[in-house]
Amino acid sequence: MGYKAFSREILQKIKLCEDRFGIEIEITAKVAQIGGARIYEVPISYHGRTYAEGKKISWKDGIAALWHIIKYNFFSRTS
């Protein structure tokens, strides 16, 4: 879990298609494919919600994430 920050030049080089959970994976995969782009991990403090507080993620989201990882890392190039 963390934040993502990009320069305008990097974001203008990619076309985003996802509008839900897959956007995280799509952005990371496409930025990683750009020559000269560097990715850094920066830790943050985060306290996730419990199911009682409204957490809505389920096993289906895990399957979707796996699909997006495969899709954007093996079948898609920057655009």
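For the structure itself, consult the block above.
Residues numbered from 1 in each chain as written. Predicted model: local features only at pLDDT ≥ 70, side-chain atom pairs only at ≥ 80, totals over all residues. Heavy atoms only, no water.

Nonpolar side chains collect at one region of the surface, where L66, W67, I70, F74 and F75 lie side by side and expose about 590 Å² of accessible area between them. Positionally, F75 belongs in the segment after α3 (59–74). Take F75: its relative accessible area is 66%, and that puts it in the exposed class. (Patch = residues over 30% accessible without salt bridge, like charges linked within 9 Å, V, L, I, M, F, W, Y side chains within 5 Å. Areas by Shrake-Rupley, 256 points an atom, 1.4 Å probe, with all protein chains shown as cover. Salt bridge = Lys/Arg side-chain N within 4 Å of Asp/Glu carboxyl O. Helix = DSSP H or I, 4+ residues; strand = E, 2+ residues; numbered from the N terminus. Buried < 20%, exposed > 50% of the residue type's maximum accessible area, 1.4 Å probe, protein only.)

Take the pattern of salt bridges next. Counted by the stated rule, this structure contains 2 salt bridges. In this structure, the salt-bridge partner of K71 is E18, at a minimum N-O distance of 3.2 Å. Here K71, found in helix α3, pairs with E18, found in the loop between α1 (8–12) and α2 (22–32); they are 53 residues apart in sequence, far enough to count as distant. Among the residues examined, E18 registers a relative accessible area of 18% and is labelled buried. The residue K30 makes a salt bridge to E26 at a minimum N-O spacing of 2.9 Å. Linking K30 with E26, this pair stays in helix α2, spanning 4 residues, or about one helical turn. For K30, a relative accessible area of 1% corresponds to the buried category.

The topology assignment puts I27 in helix α2. Here I27 falls in the buried class, since its relative accessible area comes to 14%. Spatially, the C-alpha atom of I27 lies 9.1 Å from that of K15, the residues being 12 residues apart in sequence. Excluding its chain neighbours within four sequence positions, the residues that come into contact with I27 are F6 and L16. (Contact = heavy atoms within 4.5 Å.)

As a further point, take the environment of G35. Its location among the elements puts G35 in the loop between α2 and α3. Spatially, the C-alpha atoms of G35 and G54 are 40 Å apart, while their sequence positions differ by 19 residues.

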